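What follows is the residue order along each chain.
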Amino acid sequence: MVTTLPDCQESTEAFVRGLYDDAFRPLLRFVVLLTGNRERAEEVVQETMVRAWRQHATGFESGRPHGWLYTVARNLVTDLRRYDAIRPVIVHDEVALKRAPESDQFEKAVHRRVVADALNQLRPKHRDVLIAIYYQDCSLAEAAHRLGIPVGTVKSRSYHALRELRVVLEQSGAL
C-alpha cells in the first residue's frame, strides 16, 4: 500500500527541497564567513532551513525568501556569539591547557596598577630613573642625558630605587 502526502505537505516538501537546492550553498558560504567555522555554519544553515519550513506553513510574503533566509542566518549567528560570550570556555585537552596564557588581562592590569602606586610612593629622583630605564626603555646613557645627570648617578639611583621599590611593594603586600 502506497501512502501519499496531502497536497499541503507535498507543496511544503517541494518548497523546502527547492529552497535547499537553490539557496543552501550560497547561504552556507555566507555563514562560514560569519562564523569562521564550517561545522557551526552547517548547524546554522540547518536551523535556518527548519525555520523556513515552519514559516512556509504560515506563508511567505514574497515568492522567493532569500533575503529572509540571510536575515535569519545572521540573527542565529548573532545569538551564537552572545551565547559563547556568556559561557565559559571548557578545555579538556592538556595540550590546549599548556598553551593557555599564564595570567589573564585583568591580573596584568592589577599588577600594573600596584606597581604604578608603588612608583608614586618613591622619591621623584628614584621614580624618574626607573621610569626612564624600564618604561621608556632608555639605556643608561640615554637616561642620563634625559635626566641631565651623569651615567654613574643613574646607576646608583636605579640600584637604590629598586631597593626602595621592593620595600614599598613588600609593605603593600604585593610581594
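Preceding this section is the structure that the text describes.
Residues numbered from 1 in each chain as written. Predicted model: local features only at pLDDT ≥ 70, side-chain atom pairs only at ≥ 80, totals over all residues. Heavy atoms only, no water.

## Considerations on a nonpolar patch on the surface
Here's step 1: The grouping of Tyr134, Tyr135 and Leu162 at the surface amounts to a nonpolar patch, some 350 Å² of accessible area in total.
Here's step 2: Counting through the fold element by element, Leu162 comes out in helix α8 (residues 151–172).
Here's step 3: Residue class for Leu162 comes out partly exposed when judged on its relative accessible area of 37%. (Patch = residues over 30% accessible without salt bridge, like charges linked within 9 Å, V, L, I, M, F, W, Y side chains within 5 Å. Areas by Shrake-Rupley, 256 points an atom, 1.4 Å probe, with all protein chains shown as cover. Salt bridge = Lys/Arg side-chain N within 4 Å of Asp/Glu carboxyl O. Helix = DSSP H or I, 4+ residues; strand = E, 2+ residues; numbered from the N terminus. Buried < 20%, exposed > 50% of the residue type's maximum accessible area, 1.4 Å probe, protein only.)

## A short note on the packing of helix α6 (residues 124–135) against helix α7 (residues 140–147)
Here's step 1: Where α6 contacts α7, the axes come no closer than 9 Å and their chain directions differ by 135°. In this view, α6 runs oblique relative to α7, as classed from their interaxial angle. In this structure, α6 meets α7 at a crossing whose hand is right-handed. Along its contact with α6, which presents Asp128, Val129, Ala132 and Ile133, the element α7 presents Leu140, Ala143 and Leu147.
Here's step 2: Class assignment for the residues of the contact of α6 with α7 results in six nonpolar, no polar and one charged. (Axes fitted to C-alpha atoms, helices over the stretch in contact; angles between N-to-C directions. Parallel < 35°, antiparallel > 145°, perpendicular 65-115°, else oblique. Left-handed = near helix turned anticlockwise from the far one by under 90°. Contact = heavy atoms within 4.5 Å. Nonpolar A, V, L, I, M, F, W, Y, C, P; charged D, E, K, R; others polar.)

## Quick notes on the packing of aromatic side chains
Here's step 1: A complete count under the given rule lists two aromatic pairs for this structure.
Here's step 2: Taken together, a centroid distance of 5.0 Å and an interplanar angle of 70° make the contact between Phe30 and Tyr70 edge-to-face. Of the two residues, Phe30 sits in helix α1 (residues 7–35) while Tyr70 sits in helix α3 (residues 66–86), which places them 40 residues apart along the sequence. (Phe/Tyr/Trp six-rings, centres within 6.5 Å; stacked < 30°, edge-to-face > 60°.)

## A closer look at the packing of α6 against α8
Axis angle and axis distance: for two packed helices, these are the angle between their axes and the distance between the axes, and together they describe the pair.
Here's step 1: As a packed pair, α6 and α8 sit with axes 8 Å apart at the nearest point and diverge in direction by 100°. Classed by the angle they form, the pair α6 and α8 counts as roughly perpendicular. Across the interface between the two elements, Lys125, His126, Val129, Leu130, Ile133 and Tyr134 of α6 pack against Val154, Arg157, Ser158, His160, Ala161, Leu162, Glu164 and Leu165 of α8.
Here's step 2: Classifying every residue of the contact of α6 with α8 gives eight nonpolar, three polar and three charged.

## Observations regarding α8
Here's step 1: With 22 residues, α8 should cover 32 Å at 1.5 Å per step; its first-to-last C-alpha distance of 31 Å lies within 8% of that length.
Here's step 2: Residues of α8 that are buried include every one of Val154, Ser158, Ala161, Glu164, Leu165, Val168 and Leu169, and no others. Mapping the buried residues of α8 onto a view down its axis gives an arc of 145°, with all of them on the same face.
Here's step 3: Backbone geometry just downstream of α8 places Gly173 in the positive-phi region, at approximately 85°. (Expected span 1.5 Å × (residues − 1). Arc of directions from axis to C-beta.)

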